[in-house]
Amino acid sequence: MVLKEKFKKNIKAVVEASFEEYGAPLFVISNDLKTLGNDHVEYGTHFEVVAYEKGINVWHIFVDNDRQKVKKVFSAQFPVKEKEKFLLSMELNGETLTAGIGDISFSVHCDLIPEEFHIGITACEGVNHFYHMKIVD
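Let me begin by describing the structure that accompanies this report.

So, how was this worked out
Residues numbered from 1 in each chain as written. Predicted model: local features only at pLDDT ≥ 70, side-chain atom pairs only at ≥ 80, totals over all residues. Heavy atoms only, no water. Helix = DSSP H or I, 4+ residues; strand = E, 2+ residues; numbered from the N terminus. Buried < 20%, exposed > 50% of the residue type's maximum accessible area, 1.4 Å probe, protein only. Contact = heavy atoms within 4.5 Å. Areas by Shrake-Rupley, 256 points an atom, 1.4 Å probe, with all protein chains shown as cover. Core = buried A, V, L, I, M, F, W, Y, C linked by side-chain atoms within 4.5 Å. Salt bridge = Lys/Arg side-chain N within 4 Å of Asp/Glu carboxyl O.

The next point concerns the overall build of the protein chain. A count of helices and strands for the protein chain gives zero helices and eleven strands. When its helices and strands are written in sequence order, the protein chain yields β-β-β-β-β-β-β-β-β-β-β. With respect to the principal axes defined by its C-alpha atoms, the protein chain has extents near 35 × 35 × 30 Å. In the protein chain, buried positions account for 39% of the 137 residues. For the protein chain, long-range pairs separated by at least 24 residues make up 62% of all intrachain contacts whose partners lie at least 6 apart in sequence. Accessible area of the protein chain: about 7,900 Å², with a carbon and sulfur share of 46%.

Pasting the structure below:
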């Protein structure tokens, strides 16, 4: 799911999520969206803020020489319990990206995120649940 509205930096998004056994509920940040013939949206270059059972990762996914590349922006390991709701957050202030789960958060300099972008959520690996999402700008 991606919001049609574009956002600018100096924004915070929070989603309440959980996963079974293992999972990866995540935020997507992108200004490179392609609408397919069936009204589905495909991400081009984007960032992912991913929660999983061993912590949090931030990825930069982009195309280079017609091949998709994946680069880890940062990672932090700590236990995230299965089948328990948690708050996954991401905040963009200028060129600083802060990502967290609950009370644990990390910040990184990230100057590749465009000035305007769409925010979305998606599920990767395993069974994931989303309960509600809030955006504060």
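So much for the structure itself; the text now carries on.
As a further point, take the environment of Ile-119. Of note, Ile-119 is situated in strand E11 (residues 116-136). The buried category is assigned to Ile-119, whose relative accessible area is 0%. For Ile-119 and Phe-47, which are 72 residues apart along the polypeptide, the C-alpha to C-alpha distance reads 9.8 Å. Once residues lying within four places of it in the same chain are set aside, the contact partners of Ile-119 are Val-2, Leu-3, Phe-7, Ile-11, Ala-13, Phe-27, Val-28, Met-90 and Ile-135.

Moving on: the nonpolar core. Grouped together as the largest cluster of nonpolar side chains are 30 residues, with contacts concentrated most on Phe-27, Val-49, Leu-88 and Met-90. For this core, the elements supplying multiple residues, two or more each, are strand E2 (11-30), strand E5 (46-52), strand E6 (55-64), strand E7 (67-77), strand E8 (86-93), strand E9 (96-101) and E11. A per-element tally of this core places E2 first, with seven residues.

A word on the pattern of salt bridges. For the coordinates displayed, the defined rule picks out three salt bridges. A salt bridge links Glu-116 to Lys-8; the nearest nitrogen and oxygen atoms lie 3.7 Å apart. Pair noted here: Glu-116 is in strand E11 and Lys-8 is in strand E1 (residues 7-8), with a separation of 108 residues, a long-range link. A relative accessible area of 54% places Lys-8 in the exposed class.

At Asn-10, a residue that is not glycine, the phi angle is positive and equals roughly 70°. In this fold, Asn-10 is placed in the loop between E1 and E2. Positive phi, close to 55°, is recorded for Asn-65, a residue that is not glycine. With a relative accessible area of 68%, Asn-65 lands in the exposed category.

Moving on, we get to the environment of Lys-134. Structurally, Lys-134 can be placed in strand E11. It is 24 Å that separates the C-alpha atoms of Lys-134 and Ala-76, two residues lying 58 residues apart in sequence. In contact with Lys-134, not counting residues within four places along its chain, are Lys-12, Ala-13 and Val-14.

Read these as layout, nothing more, since geometry by itself doesn't imply function.
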